[in-house]
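Topology and contacts: notes
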Amino acid sequence: MSTTIDGSSVPPGESADLDETAQITRDLIRIDTTNFGNGKAKGETEAAEYVEAYLADLGLTSRLFVSEPRRTSLVTRVEGRDPSKPALVVHGHLDVVPADPRTWSVDPFEGVIRDGMLWGRGAVDMKDMDAMILTSLKDILAVGQPERDLIVAFFADEENGGVLGSHHLVDNHPELFEGATEAISEVGGYSIDVSGRRAYLLQTGEKCLVWLTLRARGTASHGSRVMYDNAITKLAHAVAAVGTQEWPVRLTDTTEQLLREIARILDTDVTQTAPNDLLLATGTAAGFLQASLRTTTNPTMLDAGYKSNVIPDTAEARLDIRAMPGEESEVIAQIQDLVGPDIEVEVNHRDVGLENPFSGSLIDAVKDSLHRFDPGAPVLPYLMPAGTDNKALSKLGIAGYGFAPLRLPAEMDFPGMFHGVDERVPLDALVFGRQVLTDLLSRY
């Protein structure tokens, strides 16, 4: 038997009496929706049909939208008690990034239950949130209606910038989101440990997203030649320049609020402690939060050559750039300066950064719902280094927040598992998330 956060026991293995949230998460993990990027994916159709069937059992009619063959998104609208209130978009996504089973302790698409946790690709990003949305809707509809209309969406292609999912729907079917002013989605609401005290991160902003290709050109020739015009050598210098660039700390309103809140918990003067040192007090979360202090420019892919004894005439690298809101054009120009005029810089995809206020009725409701199940725990705003489908919704004036509530063990490096190896989520955290999300959606 494994011990949960509350000291109770959860039987390990398939024989465990699983909460339905864990069952659905496991089912969705077992539907391989790998998105390889650049339009190549296994597709979300089976997962969307699974969700459609579940919602139909709740009496809800869904609409499926196919942007390209097998690239399927789903939207349904749940009528609320008070039609005068703006609708709330509650969204997840159905695709996941690739997983190499050779590096995992378990089959990443089996949905293994071990040590009181559910393991698998998407267990922390994003199929846990999908499951919490579904079971929360079930709980709410079993006794009545939500307070306001809920526009529930499960998007395709989030892991490729939402081109075939959220952006496709926002651009071609904006009427789906009529009346909505706010949204909640993933990558927020999970607990962290701040010097021994549990707190929750609420994602109130996102950095900009820019995916670039660096391209070097040279002279093709035999691999034995003395070659000063080698495309791979040129590219290597460019990649090293970008990958080792130390970008300066740049505090936004959101990160300044986060640092003040951490300093308050630590009972220290925020002006006397370096931002990075304050974030180190968040333990395992620090590795993720430190990226919210500055632009990051990470090389992620290389493509060059086709034989050991042939010098190719072209070499390419892909970059994942996350800049502060509103600074993407400036950063792209700086990248060109770093790599020099001989390197081509091609923008493959870019999307906006977001900063939404850490105040208002939704924020108050989130705090209230969390405190019903974890009294007194601080709630902290943060600027997420990555991005979500809230970027697409922002084109319609919808303010998006990240709130997938999970109460986690203090030692668990939850954000470290995003897109990593051996993703896993505690079973009791899924139960907690279902309870908190049900409370929020039924009352807000």
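To be clear, the structure that these remarks concern was listed above.
Let us look at the structure shown here. This structure is a prediction, so every number in the text was calculated from the model and none was measured.

1. Observations regarding helix H12 (residues 427–443)
For H12, which comprises 17 residues, the first-to-last C-alpha distance of 25 Å matches the rise-based estimate of 24 Å (1.5 Å per residue) to within 8%. Among the 17 residues that make up H12, 14 are buried, leaving the element largely enclosed by the rest of the structure.

2. Thoughts on helix H9 (residues 328–339)
Taking 1.5 Å per residue as the helical rise, H9 with its 12 residues ought to reach 16 Å, and the 17 Å between its terminal C-alpha atoms agrees with that figure. Buried-residue contacts for H9 involve strand E14 (209–217), helix H5 (231–243), strand E16 (296–304), strand E18 (314–322) and strand E19 (344–351).

3. Details of the packing of aromatic side chains
Scanning the entire structure with this criterion turns up seven aromatic pairs. Between Phe 288 and Phe 418, the aromatic rings sit 5.3 Å apart at their centres with planes inclined by 80°, giving edge-to-face as the arrangement. One end of the pair, Phe 288, is in helix H8 (residues 286–289); the other, Phe 418, is in the loop between strand E22 (399–402) and strand E23 (424–426), with 130 residues separating them in the sequence. Comparing Phe 288 with Phe 418 shows no difference in burial state: the two are buried.

4. Section: the sheet that holds strand E8 (residues 112–114)
The three strands lie next to each other as E8-E9-E23, forming an open sheet whose pairing is antiparallel. Both outer strands of the open sheet, E8 and E23, are each paired with one neighbouring strand and no more. Recorded for the sheet is a direction-independent mean angle of 25° between the axes of neighbouring strands. Examined bridge by bridge, E8 and strand E9 (residues 117–119) share three bridges and lie antiparallel to one another. Residue pairing for E9: Val 112 is matched across the bridge by Trp 119.

5. Points about the packing of helix H1 (residues 20–29) against H12
With their axes 8 Å apart at the nearest point, H1 and H12 run at an angle of 110° to one another. Our classification of the angle between H1 and H12 gives roughly perpendicular. In this structure, H1 meets H12 at a crossing whose hand is right-handed. For the pair formed by H1 and H12, the contact residues are Glu 20, Thr 21, Ala 22 and Thr 25 on the first element and Leu 427, Leu 430 and Arg 434 on the second. Of the residues belonging to the contact of H1 with H12, the class tally is three nonpolar, two polar and two charged.

6. What about the environment of Val 187?
Take Val 187: it is sitting in the loop between strand E11 (180–185) and strand E12 (191–194). It is 8.2 Å that separates the C-alpha atoms of Val 187 and Leu 202, two residues lying 15 residues apart in sequence. Residues contacting Val 187, with those up to four places away along its chain left out, are Gln 203, Phe 288, Tyr 382, Met 384, Thr 388, Gly 402 and Phe 418.

7. Digging into the environment of Leu 266
Tracing the backbone through its elements, the reader meets Leu 266 in helix H6 (residues 253–266). Accessibility expressed as a relative area gives 27% for Leu 266, which makes it partly exposed. Residues Leu 266 and Leu 278, spaced 12 residues apart in sequence, show a C-alpha to C-alpha distance of 8.8 Å.

8. Things to note about the sheet that holds E16
Strand order across the open sheet formed by four strands is E16-E18-E14-E19, with antiparallel pairing between neighbours. For this open sheet the edge positions go to E16 and E19, each flanked by a neighbour on one side alone. Across the sheet, the mean angle from the axis of one strand to that of its neighbour is 20°, orientation sign disregarded. Two elements, E16 and E18, share eight bridges in a ladder whose sense is antiparallel. Opposite Pro 299, over in E18, you have Leu 319 as the bridge partner. Helix-sheet contacts for H9 involve E14, E16, E18 and E19, and the interaxial angle to E19 is about 160°.

Thresholds applied
- Residues numbered from 1 in each chain as written.
- Predicted model: local features only at pLDDT ≥ 70, side-chain atom pairs only at ≥ 80, totals over all residues.
- Heavy atoms only, no water.
- Helix = DSSP H or I, 4+ residues; strand = E, 2+ residues; numbered from the N terminus.
- Expected span 1.5 Å × (residues − 1).
- Buried < 20%, exposed > 50% of the residue type's maximum accessible area, 1.4 Å probe, protein only.
- Contact = heavy atoms within 4.5 Å.
- Phe/Tyr/Trp six-rings, centres within 6.5 Å; stacked < 30°, edge-to-face > 60°.
- Pairing = 2+ DSSP bridges.
- Axes fitted to C-alpha atoms, helices over the stretch in contact; angles between N-to-C directions.
- Parallel < 35°, antiparallel > 145°, perpendicular 65-115°, else oblique.
- Left-handed = near helix turned anticlockwise from the far one by under 90°.
- Nonpolar A, V, L, I, M, F, W, Y, C, P; charged D, E, K, R; others polar.

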